[in-house]
Amino acid sequence: ESSSGTEVRATDFGAKPDSRRNAITAVQRALEACRKLDHPVLVFPRGRYDFWPQGSVEKNYFESNTTASNPKRLGIFIENFAALTIDGGGSTFVFHDRMQPFTVDHSADVTIRNCSFDWDIPLTAEAVVDAATEDYLDLRIDDRQFPFVIEDGKLVFVGEGWKSVWGDTMEFDGKTLRVVPGTGDEGCLGQDWRAYRAEELEKGFVRLHRRFGRRPAPGNVLVLRHSERDHAGLFIVDSKNTTVENLDLFHCAGLGLLAQYSENITLRHFNAVP
């Protein structure tokens, strides 16, 4: 709606949709141009925009129920704005490595709409249980989606600039995709389950040698949590009148939307879904 404000196009500042190029600096330049306008609307022509941490603003934040590893690396960073609309035009924003996609800090009347957030390599992995015997557990892991290595007998997931040891597990019913009761954290594989020894029998097929205290059912899906909750998907702090609409958050390592010391937050068609 250009009538509601002056339109600024991210592509005019060097953002190239569907190129996999890092859009971070281009978006920062576009936001600086928005600062000089009343009620600016930052528009992304529809496409895929990639955000890598190189060139991102880094800032310390202490976020509720989030690991206090700092500084946070910020994808789209809105600070000290009196009014701003970001319209993704149906675009997908794809993030790489560990970063906080969207941050609103000390701002008022900010709207973000019409986009989705995702990761190229997720910060959580999944496996399908192939077999569960007294002495071992066989898992199938899509190593294209969830790249991994085995180091010192342990399952280690690897991505762009990080590697991360598997640390917690939840079991989901393979048919209904609902959480199997009692499987949070230690409950899923029993006590001392981390003493397993892993070997890759064939590509993407891993055997975990261990007499597990609890065995998940074949055909069920294990979510293998291996990363810190070190950021939120959208973080709103010391701000007011923030609106999020028509936004799909498909992944992040921590809380989907987190607001602190803020007022008047409106969510319309905001979906945090896998």
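Residues numbered from 1 in each chain as written. Predicted model: local features only at pLDDT ≥ 70, side-chain atom pairs only at ≥ 80, totals over all residues. Heavy atoms only, no water.

### Side note on the layout of surface pockets
Each pocket or cavity is described by its volume, and for the largest pocket that value is around 1,000 Å³. In terms of lining, the largest pocket is formed by 33 residues, of which the most central are T124, E126, V223, H251 and C252. Of the residues contributing to the lining of the largest pocket, the split by class is 18 nonpolar, 9 polar and 6 charged. (1 Å grid on protein atoms, 1.4 Å probe; cavity = no way out; pocket = protein on both sides within 12 Å on 5 of 7 lines; lining within 4 Å. Points joined across faces, edges and corners; volume = space filled by probe spheres on them. Nonpolar A, V, L, I, M, F, W, Y, C, P; charged D, E, K, R; others polar.)

### Some words on the sheet that holds strand β15 (residues 197–202)
An order of β14-β17-β9-β10-β16-β15 is seen for the 6 strands of this open sheet, with the pairing classed as antiparallel. Edge positions in the sheet fall to β14 (168–172) and β15, since each of these pairs with one other strand and no more. Each strand of the sheet is rotated relative to its neighbour by a mean of 35°, with strand direction disregarded. Two strands pair when backbone bridges link them, and strand β10 (residues 136–140) and strand β16 (residues 205–209) are joined in this way by 5 bridges, in the antiparallel orientation. In the strand pairing of β16, Y136 is matched with H209. (Pairing = 2+ DSSP bridges. Helix = DSSP H or I, 4+ residues; strand = E, 2+ residues; numbered from the N terminus. Axes fitted to C-alpha atoms, helices over the stretch in contact; angles between N-to-C directions.)

### Things to note about the nonpolar core
In this structure, F51, I78, F117, I141 and F157 are the most contacted members of the largest nonpolar core, which totals 61 residues. In terms of residue count, the dominant contributor to this core is helix α1 (residues 24–35) (6 residues). Apart from residues no more than four positions distant in its own chain, F157 is found in contact with A125, I141, F146, P147, F148, W162, K163, S164, W166, L224 and H226. Counting 7 residues, the second largest nonpolar core, distinct from the first, contains Y61, L74, F77 and A232. (Core = buried A, V, L, I, M, F, W, Y, C linked by side-chain atoms within 4.5 Å. Buried < 20%, exposed > 50% of the residue type's maximum accessible area, 1.4 Å probe, protein only. Contact = heavy atoms within 4.5 Å.)

### Observations regarding the pattern of salt bridges
Enumeration according to the criterion identifies 19 salt bridges in this entry. For the salt bridge of R211 with E134, the shortest nitrogen-to-oxygen distance reads 2.9 Å. Here R211 is found in the loop between β16 and β17 (221–225), whereas its partner E134 is found in the loop between β9 (125–132) and β10, with 77 residues between them in sequence. Across the pair E245 and R268 runs a salt bridge, and its minimum N-O distance is 2.9 Å. Within this pair, whereas E245 is found in strand β19 (residues 240–249), its partner R268 is found in strand β21 (residues 263–272), the two being separated by 23 residues in sequence. Classification of E245 by relative accessible area gives buried; the value is 16%. What makes R268 partly exposed here is its relative accessible area of 43%. (Salt bridge = Lys/Arg side-chain N within 4 Å of Asp/Glu carboxyl O.)

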